[in-house]
Amino acid sequence: MRPLTSPLGRAVRRGNACLAAFVVAVGVSAVVPAAAASAGRMPAATAPATADNAVSDAFSDTFADPSVIRGRDGWWYAYATSDPLRAGDAPGAIHMARTRDWSSWEYLGTVFDAGNRPSWATSTAGLWAPDIRYVAGRYVLYFTVTDTTLNPGDDSAIGAATAPSPSGPWTPAPAPAVPPRPASGGGFLWTFDPAGFTDVDGQRYLYYGSYFGGLWATRMSADGLTPVGTATQVAVDNRYEGSYVVRHGDLYYLMGSAANCCAGPTTGYSVFAGRSRSPLGPFVDAEGTPLLTSRVGGTTVLTQNGNRFVGAGHHAVVTDAEGRDFIAYHAIDRTNPWLTTTFGINRRPMLLDRLDWVDGWPRTRAGAGPSDTPQPAPSLASGLGITPTDPSRSGFTGLDDGPVDAVTGDTGLVHGTASTSAAAPSGPLHVRLDHRGTEPLRVLLGRDPAVKVTLDPKGGRLTAQTDRCGTVRSSTTTLPALPAGAWRTLTVEATSDGLTAEVTESDLADVVARVRVAGDSRPAAAPVRLSSSSAVVDNVVVNPAAADATTLAPVPVAGALLSAEEFDDPSLAGFTWVRRNPAVTVSGGSLHWPVEGTDLVGGGNTASVLLHDTPGDGDWIAEAKTTLDLGVDTVRNYQQFGLLAYEDDDDFARLSNVAIWNTRQTEFGRETAADPDAPDGPTSYGGAIIGTSAPTLWLRLAHHRDAAGEHLYRAGTSRDGVHWTWGATWTFRADTHPRIGLVAHGGASPAVTAEVDHLRFYASSWPADPAAG
């Protein structure tokens, strides 16, 4: 081989021994030492298991508001709100099920029955929206109680129950974790949808709230059952519910669901996020817009894409054995939206998809949204090590039998040094394990070793270290203490970006300790070693580290201008009216439309609609530049200006800049038949939220026809006409022929006039089959 002449090449010749401990990057190749090449190898990876949405179909018709945790016995455990499990069943008091592969499930019954309901809940109270955590050595399940005995009238609260294992038995706490909260104008704020979180200093938090009152966070006691101090509002009212918080890197991400959860085939529920450097906020979206402002922000995490699933929201986040994140959530099959009868209980099964981190933001399948084709399922397995299904620990040498745990079963005891029987692969590596007790444990990667992580509960420290040719870099942080017998999870990830070690209790991105060493830390091929005097471990998994998508899924792109209405013709030639409004005028190159005290939703159908023909059945984009100053904070329900796809008064999709109580939002609403099999029957209406409101706002509807002939309309908004936020997609039946329209309605007081600068049609590049997996 020709000698290397680069500075890196000279370093390789001078220091083969030290650099052999790492993957050495030369151009785009990875050079692995010959010694490593001859070592034992991790068994070849098998094809990953796959799962199909809805993942809960195997055992239920509906499994709403899901919460998920990885049990230390090798199962994923899922919990759901108290709807009937199947059509015809009675409601259950929070359902439980478990799986290893997300395809085959075991239903475990309900958390509560008549004998163990919370004593302070009324007999008719709903028990909703569970959130599962592992706190101080036991499992804690938070849940909504819709009515308590503590006050007259409806006064929701957050309850908690504890158990020694994720399957129970469950003991409800004697008092609410968050008691009912009186509203200033009478009644009680909506104290719904709890989500626990533990920070790096061991401080516990609970997030909760809904549209009436907003989202709040409170510090909790060490056992997670009692609020401490004054709560902090973290998101404005009338926008979010279903809060969920994760820590990713050094930032905290507050995610919440917006719009109506339960409108059958017109449900537009979606998930959005803001982030902060504090678990108490302030949280802002990717554009820097706060979640507490009237023109409320939120970066899209999950929204419907035009396949059969709509209303995707109220989620949880889990991480698999390769370090890949997944989002579990419920959604509605628009072709089968009701559990029993129209306008009855919504059929909301549980779905699961990959959650990518793109440019620092969580995006479901890199922004592609819900899948309806087979997808890789979260893995519990390891190429090496102790796996939940391999109690013999055949992948390890030198690992003794540990004490039998009442919940997890057999464990391993590290007495000296234990190592994987085969070499872990060179390149990015992910190691995770469960550890119990106070004995220190060292995880050694690469040769010599090049990478070392020390978990030291006795000393209260977590340390990560790399040694590259004598250059030692390390980072140390405080490790919070746990009660005797409690488990903790340690994850170690060595990649080209650096070495990261994290400790959690729940393994739900609620990190109690985190250290990071910058610089390429990918180890060369070598066995993974564990070193300790007597550390108890379990569920040791070693895998190549997962890689997230690096770019967002494609979105519609405007091409050549097909036609334009610049509003220089007062006669509005080319337009037709449904219920003409004589107050609408054209002057100065704009359409001027006083906002009407009318509506288009429901049976009234009094609003005027100005319609224009479309370019046809191909891919195209309709765009309107609009100005409507709705102010901020004051209640102006529901003044709006919108661009819509209109078949008739009972079949339309409307993208509007709208005042919703104290907020200003951009809503993509849909009205259509509530029963998909009865297109002429009663209608339902629901909406999805897209982008951020502004007095001047560009609105776009991108049109496409799918393989079945259905019309798909995806909505986008922009505050500058250059940078676009694309969101939800609504569908129309193949036998319809919608036109594009303009509307200005929702309330005549205070008087305000909307202006439209143009209505333009562009050729479009629609992403190839965006609804597919």
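So, a few notes on the structure that sits alongside this text.

The rules behind these values
- Residues numbered from 1 in each chain as written.
- Predicted model: local features only at pLDDT ≥ 70, side-chain atom pairs only at ≥ 80, totals over all residues.
- Heavy atoms only, no water.
- Helix = DSSP H or I, 4+ residues; strand = E, 2+ residues; numbered from the N terminus.
- Rg over C-alpha atoms; globule rule 2.2 N^0.38 Å.
- Buried < 20%, exposed > 50% of the residue type's maximum accessible area, 1.4 Å probe, protein only.
- Contact = heavy atoms within 4.5 Å.
- Pairing = 2+ DSSP bridges.
- Axes fitted to C-alpha atoms, helices over the stretch in contact; angles between N-to-C directions.
- Disulfide = S-S within 2.5 Å.
- Core = buried A, V, L, I, M, F, W, Y, C linked by side-chain atoms within 4.5 Å.
- Patch = residues over 30% accessible without salt bridge, like charges linked within 9 Å, V, L, I, M, F, W, Y side chains within 5 Å.
- Areas by Shrake-Rupley, 256 points an atom, 1.4 Å probe, with all protein chains shown as cover.
- Salt bridge = Lys/Arg side-chain N within 4 Å of Asp/Glu carboxyl O.

Quick notes on the overall build of the protein chain
Looking only at helices and strands, the protein chain features 3 helices and 50 strands. Since a compact globule built from 773 residues should have a radius of gyration of about 28 Å, the 28 Å found for the protein chain is in line with a globular shape. Here the C-alpha coordinates of the protein chain stretch approximately 85 × 75 × 45 Å along the principal axes. Classification of the 773 residues of the protein chain by burial places 60% in the buried group. For the protein chain, the proportion of contacts with a sequence separation of at least 24, taken over those separated by at least 6, is 64%.

Quick look at the sheet that holds strand E13 (residues 204–210)
Within a sheet, neighbouring strands are paired by backbone hydrogen bonds and run either parallel or antiparallel to one another. Pairing is antiparallel in the open sheet, where 4 strands are placed in the order E12-E13-E14-E15. Among the strands making up the open sheet, the edge pair consists of strand E12 (195–198) and strand E15 (227–235). If you compare each strand with its neighbour and ignore which way they point, the axes differ by 25 degrees on average. Of the strand pairs in this sheet, strand E14 (residues 214–220) and E15 are connected by 5 bridges, and their pairing is antiparallel. Each bridged residue has a counterpart across the sheet, and for Arg 219 the counterpart in E15 is Val 228.

Quick word on the sheet that holds strand E23 (residues 361–364)
Spatially, the 4 strands line up as an open sheet ordered E20-E21-E22-E23, and their pairing is antiparallel. At either end of the open sheet lies a strand with only one pairing partner, and these are strand E20 (309–319) and E23. On average, each strand axis in the sheet is tilted by 35 degrees relative to the strand beside it, whichever way the strands run. Here 4 bridges tie strand E22 (residues 350–358) to E23, and the two strands are oriented antiparallel to one another. The residue bridging Leu 355 from the neighbouring strand is Thr 364, located in E23.

Focus: the state of the cysteines
What is meant by a disulfide is a covalent connection between two cysteines, made through their sulfur atoms. The tally for this structure, following the rule as stated, stands at 1 disulfide. A sulfur-sulfur distance of 2.2 Å marks the disulfide that ties Cys 261 to Cys 262. In this structure the cystine formed by Cys 261 and Cys 262 twists about its S-S bond by roughly -90 degrees; its chirality is therefore left-handed. Judged by relative accessible area, Cys 261 falls into the buried class, the value being 18%. For Cys 262, a relative accessible area of 29% corresponds to the partly exposed category.

Things to note about the pairing of strand E4 (residues 67–70)
Burial of the side chains of E4 extends over both faces: Ser 67 and Ile 69 are buried on one face and Val 68 and Arg 70 on the other. Hairpin geometry of E4 and strand E5 (residues 76–80) is characterised by an intervening segment of 5 residues between the two adjacent antiparallel strands and by a positive phi of about 90 degrees at Gly 74.

Notes on the nonpolar core
Counting residues in each nonpolar core, the largest one holds 69 residues, and the members touching the most others are Tyr 79, Trp 102, Trp 170 and Met 350. Excluding anything up to four places from it in sequence, Trp 170 contacts Tyr 79, Met 96, Val 111, Asn 116, Ile 132, Tyr 139, Val 140, Leu 141, Ala 161, Thr 162, Ala 163 and Ser 165. Grouped together as the second largest cluster of nonpolar side chains are 42 residues, Leu 572, Phe 641, Leu 699 and Ile 740 included.

Some points on unusual backbone geometry
Across the junction of Asn 53 and Ala 54, the peptide omega takes the value 0 degrees, indicating a cis bond. Mapped onto the elements, Ala 54 comes out in the loop between strand E3 (50–51) and E4. Backbone torsion omega between Ser 749 and Pro 750 reads -5 degrees, so that peptide bond is classified as cis. Note on placement: Pro 750 falls in the loop between strand E49 (739–745) and strand E50 (753–765). Phi at Arg 365 is positive, roughly 50 degrees, even though this residue is not glycine. One can find Arg 365 in the loop between E23 and strand E24 (375–376). In this structure, Asn 539 is a non-glycine residue whose phi angle is positive, near 55 degrees. Within the element layout of this structure, Asn 539 appears in strand E35 (residues 529–544).

Comments concerning the environment of Leu 591
Mapped onto the elements, Leu 591 comes out in strand E39 (residues 590–594). Considered as a pair, Leu 591 and Leu 572 are 19 residues apart in the sequence and their alpha carbons are 9.3 Å apart. Not counting chain neighbours up to four residues away, the residues in contact with Leu 591 comprise Phe 567, Leu 572, Val 584, Thr 585, Val 586, Leu 610, Leu 742, Ala 754, Glu 755 and Val 756.

Quick look at a nonpolar patch on the surface
Together, Val 635, Tyr 638 and Trp 661 make up a nonpolar patch on the protein surface, roughly 310 Å² of accessible area in all. Here Trp 661 lies in the loop between strand E43 (651–660) and strand E44 (663–673).

Some points on the pattern of salt bridges
Inspection of every chain in the model, using the stated rule, returns 36 salt bridges. Where Arg 86 meets Asp 61, a salt bridge forms, and the shortest distance between an N and an O atom there is 3.5 Å. One end of the pair, Arg 86, is in the loop between E5 and strand E6 (93–99); the other, Asp 61, is in the loop between E3 and E4, with 25 residues separating them in the sequence. Judged by its relative accessible area of 16%, Asp 61 falls in the buried class. A salt bridge links Arg 522 to Asp 520; the nearest nitrogen and oxygen atoms lie 2.6 Å apart. What makes Arg 522 buried here is its relative accessible area of 17%. Judged by its relative accessible area of 25%, Asp 520 falls in the partly exposed class. Residues joined in a network through salt bridges with shared partners are Arg 70, Arg 72, Arg 432, Asp 434 and Asp 507.

Some points on the pairing of strand E9 (residues 138–145)
Summarising burial for E9: 7 of the 8 residues are buried, a large majority. Pairing geometry for strand E8 (residues 127–135) and E9, over 7 bridges, is antiparallel. By the bridge assignment, Leu 127 is partnered in E9 with Val 145. The hairpin turn running from E8 into E9, its antiparallel successor, is 2 residues long, and Ala 136 in that turn takes a positive phi close to 50 degrees. Sheet topology note: the E9/strand E10 (residues 157–163) ladder contains 7 bridges and is antiparallel. Looking at the pairing, Val 145 lines up with Ala 157 of E10.

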